[in-house]
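# Survey of secondary and tertiary structure
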Amino acid sequence: MSRVQSCQAPVVMVIDFHHARGPEIEICIGDEGTDPATENDWSLLPFMALSDGAHLSTEDFSYFTLHRKATATEPETSLFGISCSRQIDSKALIYRPPDVTRSTVQKAVVVVTDSPQSVGQLREKLSVVTSAWFAQRDFSDTDILKKFREGLVLSLKTDEAKKDQNLGLSLREMIHEFKYQTLVLFKALLLQPKMLFFGSRCERLCMIQFSLVSLIPGLMNSLEDCADPSFNSYAQTVEKPTSLKTSERSSLLAYMGLPLQIFGKGSMFGPYTPLQQLDLLADDGTKSYVVGSTNSLLLQQKDRYSDILINLDEDTINIISPSLRNALYLSAADRRWVDSLTQIINETWDDAHPERPKDHGYRGSEEFIRLQFEEYLVALLSSMQYHEELDSLNAGETGSRSREQLEAFSIEGDPALDFGLEFLTQWKSTSNYALFKRLTSDALLFSITEPHHPCAGGLTIDDVQRRLSQQVADLHLDERVREGREALNRGLATGQKKVSAAFNSFWSDIESMREAQRKRNEEKAATQSERSSIDKGSLAAPFSPTESTSSSTNSSWLGARKAPPLDVSGAQASVSAAGQRAGAYISSWGSWASEKRKEWQEKKSTPTSPSSITSPSTPTLASITEVTAEADRGRRRSMQQRRSEDSIGLSRSGSRRKRWSNILLRRESGEYSSAYKRDDGSNDSSEQETPFPKSPLSKEAPGFESDREPSQSSSYEPVALDEVGKTNKTADNKTDADTKSSTVSDVIHEADELHSRPSAETKEHPVPTETANLSTEK
C-alpha cells in the first residue's frame, strides 16, 4: 500500500473577538510570503477557534479540522487545528487599542498542523505560550509567538511522529463512564451514521471523539479525508496488500484491510463544529459524520442533524433511528465481552489517577484496552469474511469455494452471528465495508485469524451474575450505603452530643435550684431568728394572725420569693400608741363609773319619809298631773342654768354625749345592773327586769321605747312631788367639776321632757317606769 504523504509546516495564528465584527483572524504567522488563511479560504476558522461558551471559562481548548486546497506539488488534504482561548480585563492592559470598548478582551492562539498526533503534542506547549503572552498585557508584542512557531518547525523536522501515538481522552475514563455503551458507540462508528456529540465543555467534547476514533487501529494516521465530505484520496490511492509478515503488526493489520476508512467520500469528522457549518451537515452529499457542538440549539433539532445523539453532560446515548437501534442491540457474546472489560476497569480504578490502573500493571491499562478492541475487530473481520463465503456457497454463486474447502477449516456454524445478524446486514451497506471487501477479496482472513467471537457462546449463569452485579454497581448502592452510614453516624454523634448537653444542662439546673433553695432556707432561718429576737426584746403585741398566715403561706408556696423587709420600730410605735389610747379610754370609763357609784351611794344614804312615797298600786290622776307639772317647772329652771353653763364648754359636752350614748346602750344590755343593788345586798327584781330608758340622742335608731306599741311599753308608776323636787334640787346644785354627774342629770331631764308634753303626747309616750323608780330611789 502506497499513499501520497503531505507535509504542512505549522501555522500560528491569533483570533480576536471584536465587539462589532465578531471573531476574526488578527495575526497569521507562517512561511514568508504566504497567507494560508486567505489561500485556503479559512473563513470559518475564527468560529472554530472561539467556541460557544468559551467566555465562561478562564482557559478553554478547541479541536477542529480544516481543508487545504490542492497545489501544484501537493494534493488536497485535511489539516488539524488546536486553539487555546483566554480572556483578560481590559483595564489591566498596558497598551489598550482604541477599538477595545468592552470590559474584557478575549483572544485565542491557534496552531494548524497536518497530523492529529502533532496536535496532541502541542497541547501543553500552546497552553504555556498563551499564558505567557497574556501575562505581557501588551498584545502588540508578538515576538513570543514568532519564536514559538520557529520552535515548532524545528521539533517537527527532528522528531518523527510515532505511529501508535493517539490523541484523545483516556479510554479507561471512557469505559468507566459509558460502560457497555462504549461497545455500542464503537459498532455505531463502523455503521457510519450521523453521530452528534453535545457537551458544555469543548475540550472534553473533542477528546471523547478522538478516543472513539482511535479504537480503530491505524485510523488516526489515515484522517486526510475527514475535513470535507468531497475528499476521497485514501480510497483512490490505497493499494491492495500482496504479502504478509505475521511477525509485523502493521503488515498483519494491512493484510486484514485495516484501517477501516470511516471518513471517506460523503463523510466528515469535526471534533468541534460551529453553527456556521450546519449547511454542510445538511447537504445531500454528506451521508455520515462525527461532529461535536456546544450549542444547545442542535438539541432542539436532533432529529434533523443526528441519527444518534451522545449527551456528555448527562452521559446518555439516544439512538433516534429505529433501524440503527435494532442493529446496535448487543448480543449475549457482545455483552459478556464488554461487561468483563468493564469489570477489569472497575477493579483497577484509581480516583486519584484515572488514566492508569491502581496496581500499575498491564491489565486494565490503555494498551490493554486497545488490544482488546483490536482483537474484537480482527475477529469481526475474519468472521464476516467466513460469513460471506457461506452466503456465496448457499446462493450457488460461481467462483465460490466448495463446502469441502470450508469444512477443512474446522469451523462450526456461522461465528459471525455472535456479533449480531442485524448489525452485519447494515454494515455490508457502508462505504468502509466496500473498501474492506475490495482490499481483502483474495485473502483468506479466517485462515490467518480464527473466526470466533472473543466471548462466543450462549447466555450462561455467569453472564447473568455478571450483569446483575454490574447493574447493582450502576446503582452505586455501596456509595449510598456508605453515605447513609456516615450520615447515620454523624446523626448519632450529634444526637449523643445534644443528649449529653441536655442532661448536663438539666443536672446543672437541678444543682442551681438546690443551691438557691439552700440559700433561701438560710435566709429564712436568719429572718426567723431575727424576728424571734425582736419579739423577745419588744413589749409590743405580736403580729396579727393574718400576717403570720400570709408569711407561712409565702414560705410554703412562694418560697422562691424573698420576704419583704419588716419595719419593727414602726410596728412597735403603732402598738404603743394603740395601747396608750386604749388605756386612757378605759381609765376615763373607770373614773366615770366610780363617780357615778359615789353619787348613787350619796343619794341612797339621804333619808326619805315613808309617808311621802305613794304606793304604785294606788295612783291618782291629779297627783300625777301635779307631780308632772312641778317636775316640769324644776327641769326648765335647771335647763336654763345648764344652757348658760353648756355654752362655755360646748366642745367638751359633744364628746361626753357620745360617750354617754354608748354608756346608756350598755346599760340597756344589763352590764351595769349590778350598780343598782340595795343596801342590804339583795337585788330588786323590778329594777333588774326593767331596763333604763334610751337616750334621746339615739332617738332615730330603731328599737327605742318611743317606737314601741303602747301595749308593749312599761307600766306607769306614780312619783311623789317631793321626790321630784329633791331630784331637781340635786341636779341644780351640780358644779362644773361634776361634769359627768351633770351630764347624767341632763339626760334624765331630757327624758322627763318627753313626758311633760300635752295629754295626747303623754298618752302616746307615757313616762317609763324606770324613770319613776329612779326618782323614788333618789
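Everything below is about the structure shown above.
Residues numbered from 1 in each chain as written. Predicted model: local features only at pLDDT ≥ 70, side-chain atom pairs only at ≥ 80, totals over all residues. Heavy atoms only, no water.

With that out of the way, let us pick up the overall build of the protein chain. Looking only at helices and strands, the protein chain features 30 helices and 10 strands. Counting over 778 residues, the protein chain shows a buried share of 40%. Across the protein chain, every contact between residues at least 6 apart in sequence was considered, and the portion connecting residues at least 24 apart equals 73%. Per element, the accessible surface of the protein chain, about 42500 Å² overall, is 52% carbon and sulfur. (Helix = DSSP H or I, 4+ residues; strand = E, 2+ residues; numbered from the N terminus. Buried < 20%, exposed > 50% of the residue type's maximum accessible area, 1.4 Å probe, protein only. Contact = heavy atoms within 4.5 Å. Areas by Shrake-Rupley, 256 points an atom, 1.4 Å probe, with all protein chains shown as cover.)

Glancing now at the packing of helix α5 (residues 171–178) against helix α6 (residues 181–191). One can describe the packing of α5 onto α6 by two numbers: an axis separation of 7 Å at closest approach and a directional angle of 110°. Relative to α6, the element α5 is oriented roughly perpendicular. Of the residues in α6, those in contact with Met174, Ile175 and Phe178 of α5 are Gln181, Thr182 and Leu185. Considering only residue class, the contact of α5 with α6 consists of 4 nonpolar, 2 polar and no charged. (Axes fitted to C-alpha atoms, helices over the stretch in contact; angles between N-to-C directions. Parallel < 35°, antiparallel > 145°, perpendicular 65-115°, else oblique. Nonpolar A, V, L, I, M, F, W, Y, C, P; charged D, E, K, R; others polar.)

Its 16 residues place the ends of helix α14 (residues 332–347) 22 Å apart at the C-alpha level, agreeing with the 22 Å of an ideal helix rising 1.5 Å per residue. Listed in full, the buried residues belonging to α14 are Ala333, Asp334, Arg335, Arg336, Trp337, Val338, Asp339, Leu341, Thr342, Ile344 and Ile345. (Expected span 1.5 Å × (residues − 1).)

Across the sheet, which stays open at both edges, the 5 strands sit in the order β2-β1-β5-β4-β3 with antiparallel pairing between neighbours. The outermost strands of the open sheet, each flanked by one partner alone, are β2 (22–29) and β3 (59–68). Looking at each pair of strands side by side, their axes are set apart by 25° on average, direction ignored. Direction of pairing for strand β4 (residues 77–89) relative to strand β5 (residues 104–113): antiparallel, over a ladder of 10 bridges. Residue Ile88 lies in a different strand from β5, and its bridge partner there is Val105. Sheet strands touched by helix α3 (residues 116–135): β1 (11–18), β3, β4 and β5. Its angle to β4, the strand with the most contacts, is close to 20°. (Pairing = 2+ DSSP bridges.)

Here we take up the environment of Leu183. Residue position: Leu183 is located in helix α6. On the basis of relative accessible area, Leu183 is assigned to the buried category, the value being 0%. For Leu183 and Trp337, which are 154 residues apart along the polypeptide, the C-alpha to C-alpha distance reads 9.3 Å. In contact with Leu183, not counting residues within four places along its chain, are Leu330, Asp334, Trp337, Val338, Phe373 and Tyr376.

If you walk through the whole model with that rule in mind, you get 23 salt bridges. Salt-bridge contacts for Lys107 lead to Asp16; the nearest nitrogen and oxygen are separated by 2.9 Å. One end of the pair, Lys107, is in strand β5; the other, Asp16, is in strand β1, with 91 residues separating them in the sequence. Look at Lys107 and you get buried, because its relative accessible area is 5%. Three or more residues joined by partner-sharing salt bridges are found here, namely Glu388, Asp391, Lys428 and Lys437. (Salt bridge = Lys/Arg side-chain N within 4 Å of Asp/Glu carboxyl O.)

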